[in-house]
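Breakdown of the fold
For reference, the chains in residue letters:
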Amino acid sequence: MTTQEKIEQLNQIAQEIRNFKGIDIAKNCTHVVPGEGNPDTEILFIGEAPGRDEDLSGRPFVGLSGRLLRKTITETLGKKPEEVFITNIVKYRPPDNRDPTPEEIEVCKDWLDRQIEIISPKIIVTLGRFSMAKFIPDVTISRVHGIPRKCQMSNAKWSNIVFPLYHPAAALRAGIMMKAFLADFIKLKDMLNSN
């Protein structure tokens, strides 16, 4: 698939997300947040759901935790944030930044699966427990963060390396998680450099 074809297909998914009004968070959001970045990237970052700043801007990870993520991508991986692709499992802001519900995750599942298939990244970096659970269910993030594993989705054509990280918001709240977040990014850099 050419870059232009990827862009067109990702734009089509973004339009579907904008047009959908089948759940309350879709009806009540200021802006949808389909994701953004390089459709030819080898790294896809997936968070949980947009927060207040993301809802206002329509862009993923632009608030406080987003600034940490973007700074770490630049300083540790040596990449500009626009050189990777950043999205969330849920494309609309849950009220008061509450956790996404199973129904909300399910509604957005097909869009995310199609984004992954189009982008076809080598590495999917999950940010937080909700995005991790899509690929690595029934484990705690404290046990598996920073440990890459090969994942083949049962109904998907793609398989990828999934690399779970703490969510940057968790890293900002606790010093021990910040140390783990930064150390895991170094492991991610080493993994990228070895491929």
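Look up: the structure comes first, before these words.
Fair warning: this is a prediction, and the values are worked out from it, not measured in the lab. (Residues numbered from 1 in each chain as written. Predicted model: local features only at pLDDT ≥ 70, side-chain atom pairs only at ≥ 80, totals over all residues. Heavy atoms only, no water.)

Summed over the entire model, instances satisfying the criterion amount to 13 salt bridges. One salt bridge in this structure joins R114 and D110, with 3.1 Å as the shortest N-O distance. Of the two residues, R114 and D110 are both situated in helix α5 (residues 102-119); the distance of four residues between them amounts to about one turn of the helix. Close ionic contact of K134 with D113 constitutes a salt bridge, the shortest N to O distance being 2.6 Å. You can see K134 sitting in helix α6 (residues 129-135) and its partner D113 sitting in helix α5, a full 21 residues away along the chain. Grouping residues by exposure puts K134 and D113 together as buried. The network of salt bridges with shared partners includes E16, D110 and R114. (Salt bridge = Lys/Arg side-chain N within 4 Å of Asp/Glu carboxyl O. Helix = DSSP H or I, 4+ residues; strand = E, 2+ residues; numbered from the N terminus. Buried < 20%, exposed > 50% of the residue type's maximum accessible area, 1.4 Å probe, protein only.)

A separate point is the packing of helix α4 (residues 64-77) against helix α9 (residues 175-194). Their axes nearest at 10 Å, the elements α4 and α9 cross at an angle of 45 degrees. Between α4 and α9, the angle is such that the two are oblique. Once α4 is placed against α9, the crossing between them reads as right-handed. Contacts between α4 and α9 involve L68, L69, T72, I73, T76 and L77 from the first element and M178, F181, L182, F185, I186, L188, K189 and L192 from the second. Classifying every residue of the contact of α4 with α9 gives eleven nonpolar, two polar and one charged. (Axes fitted to C-alpha atoms, helices over the stretch in contact; angles between N-to-C directions. Parallel < 35°, antiparallel > 145°, perpendicular 65-115°, else oblique. Left-handed = near helix turned anticlockwise from the far one by under 90°. Contact = heavy atoms within 4.5 Å. Nonpolar A, V, L, I, M, F, W, Y, C, P; charged D, E, K, R; others polar.)

So, on to helix α1 (residues 3-19). Taking 1.5 Å per residue as the helical rise, α1 with its 17 residues ought to reach 24 Å, and the 24 Å between its terminal C-alpha atoms agrees with that figure. Its buried side turned inward, α1 meets β3 (85-88) and α5. (Expected span 1.5 Å × (residues − 1).)

Next up on the list: the nonpolar core. With 31 residues, the main nonpolar core has L44, I46, Y92, I116, I124 and F135 as its most contacted residues. Mapped onto this core, the elements with two or more residues apiece are α1, α2 (24-28), β2 (43-47), α5, α6 and α7 (141-144). Residue contributions to this core peak at six residues, all from α5. For L44, the contacting residues outside a window of four places in its chain are F85, T87, I116, I119, P121, I123, I124 and V125. Formed by 20 residues, the second largest nonpolar core is a distinct cluster that contains I43, V84, A171 and L192. (Core = buried A, V, L, I, M, F, W, Y, C linked by side-chain atoms within 4.5 Å.)

Purely geometric stuff here, so don't read any function into it on its own.
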